[in-house]
Structure formats: C-alpha cells, structure tokens
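# Observations on the model geometry
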Amino acid sequence: MLEDVFRAEWGRVLATLVGSFGDIELAEEAAQDAFAVAAERWPRDGQPANPVGWLITTARNRAIDRIRRDRAFADKADQLARELVDHSEETMDETMQFRDERLELIFTCCHPALALDAQVALTLRTLGGLSTDEIARAFLVPFETMSKRLTRAKHKIRDAVIPFAVPSDDLLPDRLDAVLAVVYLIFNQGWGEGRVDLAAEAIRLGRALAELMPDEPEPLALLALMLLNDSRRAARFRNGELVLLDEQDRNLWDQGQMDDARVLLRRALAQHGKGPYVIQAAIADLHLETPRDWGEIATLYGVLAELTRSPVVEMNRAVALAEVDGPEAALELLDELPLDDYRYFHSTRADFLRRLGRTTEARIAYGRALALTDNDPERRFLEGRMLELEEAAWPSE
Amino acid sequence: MKYALLAYNAAAADQRGPIMPAIAEALERSKVKSWVRLQHGESATTVSSPDGKTLLTDGPFVDSKEYLGGVIVIEAENLDEALAFATELQGLMRSGGALEVRPILEDR
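We now turn to the structure provided with this report. Predicted, not measured: the structure shown is a model, and the values here were computed from it.

### Examining the overall build of chain A
Scanning chain A for helices and strands turns up 21 helices and 2 strands. Taking all 397 residues of chain A together, 49% fall into the buried category. For chain A, the share of sequence-separated contacts (at least 6 apart) that also reach a separation of at least 24 residues comes to 63%. For chain A, the computed accessible surface area is about 19,600 Å², with 50% contributed by carbon and sulfur atoms. Averaging the locations of the 48 positively and 71 negatively charged side chains of chain A gives two centres separated by 3 Å.

What follows is the structure, encoded as structure tokens:
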C-alpha cells in the first residue's frame, strides 16, 4: 500500500535528500515530487524491489532537473547540490542502498539554536511526514502560525548553517537529551478527537532512535517508557470517564507491548543506563506490579529528583511516600514545592487533605485544580471527588 | 562561513577596564577576522528618519539596560563551530551580558 510506504519511508527519503542538497525546502519539494510520481506509476507498474532507493533516486533526479532549469532553484541549492548535479550520471542507480541519515536529520531538527516549538514542529514534519495542517491541529494552533514557524525554522537552519550531522562526542549527551525531550513532549501531547495520534508518532520516532542508536540506554528506555504508558490506553477511560490505574481493567492492557517494553528496559539496564528515562521507565514498570512496592518507587523518584531537580518529580515522590509514611508527612513535603500553577499539585494536595479528614481544605484544593483543568474527563473526575466530600460533610437524609 | 558575534553587556561606563588577557588571547586566533570594542551605550547618537526628516536621538537605537559593547567577526565551518567559540568567550566574560551570534550575509 502506497500510503504505508509513504508513512514508513518519508523520513528516510527526506533525510537523504537533505543530506544531498543541504536545504530542507528543496528536499521536501523533491520528495513530494517523487511520491507523486510513485502514486501515479506504482499502482500501474507494481512497487519496485527497493522502494526507498527508487524514491530517493527519483527525487534527486527531479531536484537536479529543476536546479538546471530554474535559476531561483539553483540559487537555493548549495555547494553540495551543485556537485551532485555535476556528477549525476555516475550516481543514479535506484537499486543503490542509501545510508540512513535520519539521525542527522533529527539532530538538526532538535538543534538548540531552534526554539522548542520549532524543534517539535520540524521533527514531526520532516521525520514524521505530518502535514503542516495536521501539526497545527495537533497543537491547537492556527495553520498560518504553524506554517510560519516551520518556514522560519527551515530558513534558520539554512541561513545560520546548522550542520547536518550527528553531534561530536562532547556535544552528544546534551543534544541527545534535547532530541529525547522533543520526542517525549510529542508523546505527552497525546491525542484527541480529530487530532493526529501524536503518541503513535512519538513511538515511531522512538523506535527509529532506538534502532539507530542501539548502544545508547536512554533512547531504549524512552521507548520502553512510552510503550508502557501507551499499552494502557484502552483502559484509561470508561464511557468517557477517567479510570485511575488501580481500577483499570487489566484485560484491556496490551500485554505484548508491555513485554516489548520490558525487554527494552532490561537492555538499557544491561548497558548500565542510569539516566532519567531509564529511571522513569523503571518507575512506570513498578507501578504495574500488584501490590505496588511504594518504597522502591519513592526511592527511584528520589534518584530522579537528584538528576532533574524537578519539583514535579518531588511531588511524585511525595505521593509514593504518602503510601509508606502516610499523607501527613507527604503534605508537608508538597507544601514546599513551587507548583501553584500545576493542576496535579492541587489535586494531589486535595487527595492528601481528604485522606486526613481535612474536608474543607480538600474542597478548596479540588476547586483550585478544577480552575486549572482543560479537559472534560478530568473536570468530571474532580467534580465527582468534590461532590463525595460534600456528601460526607452534609449527608442527605 | 562568517559570523558576527555581537557582545552585549550592562557594565557601567566607569566599570569597563582593559580587555581581559584570556579574551585578548582568544581574539588573536586565526578564526577571528576582526573585532572592535565600542564605548558605552550612553555615548551613542542615533540617526533615523521616521517621517522622512532626519532625526537625531541621544543614546542607542534600542533603549535597554544592555548595550552593544563590541563586535567580533569570525570565520567558522558552521554554526556549531561559531557557537563553540562564542561559548568559550562568554565563559571568560565577567558575569552578565551575552553574545549574539549572527551569520553574515556575504553577497551584497
């Protein structure tokens, strides 16, 4: 199916073209041309033996023709492209195995010289093959805004000469962190009515990274983390209502995906991975055990908090500690955190207060969480909790 | 590729001493094509023509606490190389201030 080839191979094809021409816009136009020709010819003549090779060769040929004919295009093309044009007779063989340059592409898209929202959009556009419209809708942003964001990013890469390369060893750790952060951000953006399944896109990107960097524990662990979370998605809602982990129907969990995730996590641990994604994946895995080893979970959150210095992580640690030492101590920890704008901070405080019988304060905290919530299932869940407290305080006769 | 490193800082006029030796050394490297240090922002006069008529204003074009203190032109393979040099320089500067790295438009 051409659709499937398109989805699977867009990133590969584009990456090689960007490597050849040094300009993302030029590469995109060439790739689009090639896919258009494929859409026309393959149903008629059958799919070629090496679809990727065919697409890259066709795209390059098209781009070279345009560079030769069109002054404006030639100006866009850089040194590399002009060399390609001069040597084109020697290099065109559609059965050639082209080197996978997706790593170079993703590091380019996630370069720190680009703003985070540009990194995210560009990664989805170039590696994910999502259309500008799809990305705009996924992030609830007007088409014009997303279009400008993408254009600006591509021009910045071209004008400032952001190198198309995997970063050198001294830069790699920070740059890899940035790439993983983008992928995880995309995963957490989630999905919803009419929106593209960004979680699935993030997993695809995660798989590519794990495949291309098999000796790095963090990409493996990130993929494990995403797979573990994703495997429970069928159980998260029942009739539109939020279902907490302990009440989820485990038959709805994708056991196969969970097993895959655990294999990845073990590989990461075997590589002595100790980074934040390894820890988060280990925590996610621990949450799925019954009964939960809250002590171990709390310990791991502690390690994660040291690494990331994140107040949200400290909050999660407090939640685990509440299960071990009771909500009183945990509430004290929570109250030191600067998370007043974070809805889960308030819902967590509310839960502790509720358990301590401090009903009035709990209702206020639920109210704060409600004010910050942006989706209906959460809203209904919080309202439900508030109602329970009211009924406990004023039982109806 | 050539890049301009625009050095901004907020140092008061009487706080600007001679260039630090470490920075002077860095500026001697072959990748540095030229550099200038500018006097304090308050010494600037801005020439503009907002309504067609020429207007003179006392002070820099952009009114802020930070002012452009110097410009360094360097030659680098790509942005990463330019950023590496800028990062090194920034590490040598007294605290505060920043270096803006902008690619130079070659064709006139």
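Picking up where we left off.
### Concerning unusual backbone geometry
Residue and element names in this part refer to chain A. Look at the link from Thr-290 to Pro-291: it is a cis peptide, with omega at -5 degrees. The topology assignment puts Pro-291 in the loop between α15 (276-287) and α16 (294-308). Positive phi, close to 55 degrees, is recorded for Leu-140, a residue that is not glycine. Assessed through its relative accessible area of 65%, Leu-140 is described here as exposed. A positive phi angle, near 55 degrees, is found at Asn-239, a position not held by glycine. Here Asn-239 is to be found in the loop between β1 (237-238) and β2 (241-242).

### Quick notes on the interface of chain A and chain B
Counting residues at the interface gives 9 residues for chain A, matched by 8 residues for chain B. In total, chain A and chain B occlude about 590 Å² of area from one another, counting both sides; carbon and sulfur atoms represent 67% of this. Interface area lost by chain A to chain B is led by Ala160(A), Val161(A) and Pro163(A), which between them contribute 60%. The tally of links between chain A and chain B comes to 4 residue pairs in polar contact (both at pLDDT 80 or more). Of the residues in the side of chain A that touches chain B, the class split is 6 nonpolar, 1 polar and 2 charged.

### Points about the sheet that holds strand β5 (residues 67-75) of chain B
Residue and element names in this part refer to chain B. Strand order in the open sheet formed by 4 strands is β2-β5-β1-β6, and the pairing between neighbours is antiparallel. Strands at the two margins of the open sheet, each flanked by one partner only, are β2 (32-37) and β6 (98-103). When strand polarity is set aside, the average angle formed by the axes of neighbouring strands in this sheet is 20 degrees. Looking at chain direction, strand β1 (residues 2-9) and β6 are connected through 6 bridges and run antiparallel. Directly across from Ala-4, in β6, lies its bridge partner Arg-102. Packing of helix α2 (residues 79-92) onto the sheet brings it into contact with β1, β2, β5 and β6, and relative to β6 it is tilted by some 160 degrees.

The rules we used
- Residues numbered from 1 in each chain as written.
- Chains lettered and ligands numbered in written order.
- Predicted model: local features only at pLDDT ≥ 70, side-chain atom pairs only at ≥ 80, totals over all residues.
- Heavy atoms only, no water.
- Helix = DSSP H or I, 4+ residues; strand = E, 2+ residues; numbered from the N terminus.
- Buried < 20%, exposed > 50% of the residue type's maximum accessible area, 1.4 Å probe, protein only.
- Contact = heavy atoms within 4.5 Å.
- Areas by Shrake-Rupley, 256 points an atom, 1.4 Å probe, with all protein chains shown as cover.
- Lys, Arg positive; Asp, Glu negative; His and termini not counted.
- Charge placed at Lys NZ, Arg CZ, Asp CG, Glu CD.
- Buried area = accessible area lost by both parts, 1.4 Å probe.
- Polar contact = N/O pair within 3.5 Å; in protein donor to acceptor, adjacent residues only side chain to side chain.
- Nonpolar A, V, L, I, M, F, W, Y, C, P; charged D, E, K, R; others polar.
- Pairing = 2+ DSSP bridges.
- Axes fitted to C-alpha atoms, helices over the stretch in contact; angles between N-to-C directions.

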